[in-house]
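Structural features, examined
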Amino acid sequence: MMRYTVLFLLTLPLAAQDLAQCQAMHKHGDAGETQCWLKLSQSTNPGLRAEGFWGLKNFDSANDAFRDAVKAKDKDANLRVRWGWLFLEHGVRKGPVLDTASDLFNEALAIDKNNAQAFLGLATVAEEGFDGEATKLAQKALDADPKLYQARELLARMALEDNNEAKATEEANKAIAISPEAMDAMAMLATIDWMNDKPSKPPVGEIITASPWMDKIAKVNPHYGEAYEIAGHFFVINRRYVEGIKYFRKALELDPSLMTAKNQLGINLMRMGQEDEAFKVMTEVWDANFRSLETQNTLTLLDSNVKKSDTTKTATTIIKTRKNETALVLPYLQAELDKINATYEKKYKYKLNVPVQVEAYPDHEDFAVRTMGMPGLGALGVTFNTVVAIDSPTAADAQRKPGSFHWASTLWHEMSHVYVLSMTNSRTPRWFTEGLAVYEETAIYPDWGDRLDHPSIQAIKEKKLLPIADLDRGYIHPTYPQQVIVSYYQGGRVITYIVQKFGYDTVLNMIHDYANNMDTPAVIEKELKMKPEEFDKQFIPWVEAQTKTEVDGFDDWAKKMKAMNQNVTTKDWGAVIKDAPAIRDMYPDFVEAGSAYEALAQAYLAQNDKAKAMAALKKYSDVGGRQPDTLRKLATLQTEAGQKKEAVTTLERINWIYLRDDKGHAMLGDLDMDLNNPTGAIREYQAVVALKPVDPAAAHYKLAKALAAAHRNSDAMDEVLASLEVAPGFKDAQKLLLELNAQDTKK
């Protein structure tokens, strides 16, 4: 989070001089500002008193004083604006803090409809939430006050977050033209240079700090650490975390009291897996009275991680799991991670030079705090260079049912980021890394990855897909609800189109181009031999042709789905069987609850036609259906039909989706034993034991049988004894114990 210092004079003629003096001293880094703020904090005027406490970083007292000031001058819009900015400057700008600030800015506009500072406040609130409306609000602020350079700085910031360096440079220069002391604009211009290795590429592990823009900032305020904090923000948002951390440290060298920078330093140290230093830094932030929810949540999680986590290391991996689910989760995570490393090392022609660290969180909000410092994150996995945090393979809650999260697909997605970011030193635009990762999900298995969803269908229908050169904007500053979802879909389709038309080697060449600091237009021209505009003219019709059935028929499909589900409710199975196949084929990717696949299978089962029910569910599985209960039903039908190998494949799909399915593990273990695969059975029976089944004696016995079949007699003995400890009279376990003892005697 960056600090915004927005200064303007209150309508307090008797003391405006004193306030202006304090503000000027603060802006120029004058050490005497503390005494100035102290004097204001003792004022009998509550508005001035609030400003004084604010300057002294006594935010609670400032808040109380603003409350008194607004009560005394209910029609003073500026007081509400300043109060709103207090909320924005102190602590984390999320949730209730943003809501309170927004309310105050809107109240100010109700009093003064042309209050430029209120519009700027609302624009900042929107920008903090990466809301594309921020641009319109900033423009309203400029319409109300063309000399409000902070609005230009905000527009520059948004443009740079969108990877639009030309626009960011233009807006920053406009801010400086209005005010030669627009230090944030200067910091952004310096950052643009640094991100492009100017004035010269630094040695490995170092950052650039020299800049003529920094020289100009130093003349205004030699202690303006916010300049390096701004650089840290942009390096982090471009996933260049190591450099971002160094810029936050540099900010604190200039201004050790800059708690916003220190807070971000702690959060990003945590992101990079440096938990010991992160805990130390965040404790210092808390002790300095910067007590945001972000800080509190991070400290709580760090303490929890130490107490509740197991760490398992190999030569190439570090896996962190919660102690209470390590036995269940670790074997599957380790096997998948090893497979991913072997595949991507060959595919990307690149070997990671450090182990990759994967952290699995069964509580989604712990995962959210791990990545953002706050709950409420919609993502399922996040990558920080070679550190990956994901929801655990067991994660599910009241909002997110089993089957809504494909952990294996997510892991392949995030690990693509690890390789691509490592290959390029994080110098790839977001659309490319996300698009490639989406592509890789379905490259490993066609039924993996996200299906064509409703928001993407609507966006295609309304011609809302973005030009390739602007696609990053859809991820960072969406202009309509669910544009981020649409951008993920579009990015994946872009990579698919390139692979189909130009070959996968072209994608690899693009990776290397980005590593050499080329931008998207230049990469498109170099590798695809066309301008970005020409690419758009070819790509968008291709997407539209591929999705024509779903887009053109969506409204009709929705009506027919409603009618079909009504027939399911009334058990009119004949109507379901008649209508469901056509409904399914109108939108084949729809495999959510209530899909035509499931309705058709249910109808066939009601008529005792198991063969057709199995065929309907097989289509559901092949296209990417993920409900564990539904897939287990398919596996049962396949087993009954003698298709044991096919049933194994189906049950293994459940393992990639949700690991807390004890029935699925037990079925798969039994099938593995039938197919003479005791190694597979061992893993499945171990999962059943880890899930603490209702009949632990039987679970330990089955595991013992599998271990014995794999000639692991010592381990089998341990399990059969565990079974008999629970149920001493268990005859099958007694018999197995005798057999194992007999084998030991023969030895």
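Parameters at a glance
Residues numbered from 1 in each chain as written. Predicted model: local features only at pLDDT ≥ 70, side-chain atom pairs only at ≥ 80, totals over all residues. Heavy atoms only, no water. Helix = DSSP H or I, 4+ residues; strand = E, 2+ residues; numbered from the N terminus. Buried < 20%, exposed > 50% of the residue type's maximum accessible area, 1.4 Å probe, protein only. Contact = heavy atoms within 4.5 Å. Areas by Shrake-Rupley, 256 points an atom, 1.4 Å probe, with all protein chains shown as cover. Phe/Tyr/Trp six-rings, centres within 6.5 Å; stacked < 30°, edge-to-face > 60°. Lys NZ or Arg CZ within 6 Å of the ring centre and 35° of its normal. Core = buried A, V, L, I, M, F, W, Y, C linked by side-chain atoms within 4.5 Å. Axes fitted to C-alpha atoms, helices over the stretch in contact; angles between N-to-C directions. Parallel < 35°, antiparallel > 145°, perpendicular 65-115°, else oblique. Left-handed = near helix turned anticlockwise from the far one by under 90°. Pairing = 2+ DSSP bridges. Disulfide = S-S within 2.5 Å. Expected span 1.5 Å × (residues − 1). pLDDT = per-residue confidence, 0-100. Salt bridge = Lys/Arg side-chain N within 4 Å of Asp/Glu carboxyl O.

Quick notes on the overall build of the protein chain
Secondary structure summary: the protein chain contains 38 helices and 5 strands in total. Seen through its C-alpha atoms, the protein chain measures out along the principal axes to roughly 95 × 60 × 55 Å. Looking at the protein chain as a whole, 56% of its 747 residues qualify as buried. Restricting to contacts in the protein chain with at least 6 residues of sequence separation, those with at least 24 account for 61%. Of the roughly 31,900 Å² that the protein chain leaves accessible, carbon and sulfur atoms contribute 53%.

Overview of the packing of aromatic side chains
The full count for this structure, using the stated rule, is 32 aromatic pairs. A ring pair is formed by Trp 431 and Phe 432, whose centres lie 5.6 Å apart and whose planes are at 90°; its orientation type is edge-to-face. Its relative accessible area of 0% is what places Phe 432 among the buried residues. Aromatic rings pair up to connect Tyr 344, Tyr 348, Trp 412, Tyr 419, Tyr 445, Trp 448 and Trp 656 into one cluster. Its end group placed over the ring of Tyr 480, Lys 464 keeps NZ or CZ at 4.3 Å from the ring centre.

Comments concerning the nonpolar core
Nonpolar side chains in soluble globular proteins tend to be buried together. Tyr 348, Met 415, Trp 431, Leu 436 and Phe 535 are the most contacted members of the largest nonpolar core, which has 93 residues in total. For this core, the element with the most residues is helix H20 (residues 407-424), which contributes 9 residues.

Observations regarding the environment of Pro 199
Structurally, Pro 199 is set in the loop between helix H11 (183-195) and helix H12 (212-220). Judged by its relative accessible area of 66%, Pro 199 is exposed. Each C-alpha atom, one on Pro 199 and one on Glu 592, is 53 Å from the other, the two residues being 393 residues apart in sequence.

Description of the packing of helix H4 (residues 59-72) against helix H5 (residues 77-89)
At their nearest, the axes of H4 and H5 sit 10 Å apart, and the two run at 160° to each other. With respect to their mutual orientation, H4 and H5 come out roughly antiparallel. Seen from above, H4 lies across H5 with left-handed handedness. Side by side, H4 and H5 meet where Phe 59, Ala 62, Asn 63, Phe 66, Arg 67, Ala 69 and Val 70 of the first sit next to Leu 79, Arg 80, Arg 82, Trp 83, Leu 86 and Phe 87 of the second.

Observations regarding the sheet that holds strand S5 (residues 387-391)
Taking strand neighbours across the sheet as the criterion, the 5 strands line up as S1-S2-S3-S5-S4 in an open arrangement whose pairing is mixed. On the outer flanks of this sheet lie strand S1 (309-313) and strand S4 (381-384), each paired with one strand and no other. Across the sheet, the mean angle separating the axes of adjacent strands is 15° when strand polarity is ignored. Across 4 bridges, strand S2 (residues 317-322) lies against strand S3 (residues 356-361) in parallel orientation. Bridged to Ile 318 within S3 is Gln 357. Relative to the sheet, helix H19 (residues 364-372) contacts S2, S3, S4 and S5, its axis offset from that of S5 by approximately 155°.

Considerations on the state of the cysteines
This model, assessed by the stated rule, comprises 1 disulfide. Each disulfide pairs two cysteine sulfurs, and for Cys 22 the partner residue is Cys 36, the sulfurs being separated by 1.9 Å. In this structure, the disulfide formed by Cys 22 and Cys 36 twists by about -95° around the S-S bond and is classed as left-handed. Of this pair, Cys 22 sits in helix H1 (residues 16-27) while Cys 36 sits in helix H2 (residues 33-41), and the two are 14 residues apart along the sequence.

Notes on the pairing of S1
As paired strands, S1 and S2 are joined by 5 bridges and run antiparallel to one another. Each bridged residue has a counterpart across the sheet, and for Asp 310 the counterpart in S2 is Thr 321. Taken together, S1 and the strand that follows it, S2, pair antiparallel across an intervening segment of 3 residues.

Examining the side chain of Arg 152
Looking at the element boundaries, Arg 152 is found in helix H9 (residues 149-161). When near neighbours in sequence (up to four residues on either side) are disregarded, Arg 152 contacts Leu 142, Glu 171, Lys 174, Ala 175 and Ile 178.

With respect to the pairing of S5
Most of S5 is tucked away: 5 of the 5 residues are buried. Residues Val 387, Ala 389 and Asp 391 line one face of S5 and the alternating positions Val 388 and Ile 390 line the opposite face, and both faces are buried. Bridge analysis of S3 against S5 gives 5 bridges, and the strand direction is parallel. The residue of S5 that forms the bridge with Tyr 361 is Asp 391. With 4 bridges connecting them, S4 and S5 associate as antiparallel partners. By the bridge assignment for S5, Val 382 is matched with Ala 389. Between S4 and the antiparallel strand that follows it, S5, lie 2 residues; Asn 385 among them carries a positive phi value of about 60°.

Description of helix H13 (residues 226-237)
Between its terminal C-alpha atoms H13 stretches 16 Å, which fits the 16 Å expected from 12 residues at 1.5 Å a residue. Of all 12 residues in H13, 12 are buried; the element is thus mostly enclosed. Those residues of H13 that fall on the buried side of the exposure criterion are Glu 226, Ala 227, Tyr 228, Glu 229, Ile 230, Ala 231, Gly 232, His 233, Phe 234, Phe 235, Val 236 and Ile 237. Where H13 is buried, its residues contact H9, H11, H12, helix H14 (241-254), helix H15 (259-271) and helix H21 (430-444). Trailing H13 by a residue or two, Arg 239 shows a phi angle of about 65°, which is positive.

Focus: unusual backbone geometry
Backbone torsion omega between Lys 198 and Pro 199 reads 10°, so that peptide bond is classified as cis. Phi angles above zero are rare outside glycine, and Asp 197 is one such case at about 60°. Inspection of the secondary structure assignment puts Asp 197 in the loop between H11 and H12.

Digging into the environment of Glu 181
Considering the arrangement of structural elements, one finds Glu 181 in the loop between helix H10 (165-178) and H11. For the pair Glu 181 and Thr 191, spaced 10 residues apart in the sequence, the C-alpha separation amounts to 17 Å.

Focus on the confidence of the model for the protein chain
For the protein chain, the mean per-residue pLDDT works out to 92, and 95% of the residues sit at or above 70. Scored below 50 in pLDDT, residues 1-14 shows 61 contacts in the model against residues more than four places distant or in partner chains.

Quick word on helix H30 (residues 596-606)
Taken across its 11 residues, H30 has 8 buried, putting it largely inside the fold. Next to the buried residues of H30 lie helix H28 (548-569), helix H29 (573-586), helix H31 (610-623) and helix H32 (628-640). Of the residues one or two after H30, Asn 608 is the one with positive phi, at around 60°.

What to know about the pattern of salt bridges
When their charged atoms lie close together, side chains carrying opposite charge are able to pair. Counted under the stated rule, the structure contains 43 salt bridges. When the shortest N-O distance is used, the salt bridge between Asp 670 and Lys 702 registers 3.0 Å. Linking Asp 670 in helix H34 (residues 662-674) with Lys 702 in helix H36 (residues 696-709), this pair joins segments that are 32 residues apart in sequence. Residue classification places Asp 670 among the partly exposed positions, given a relative accessible area of 28%. Overall, Lys 702 belongs to the partly exposed group, its relative accessible area being 31%. Among the charged side chains, a network of salt bridges with common partners joins Glu 127, Glu 128, Arg 157 and Glu 161.

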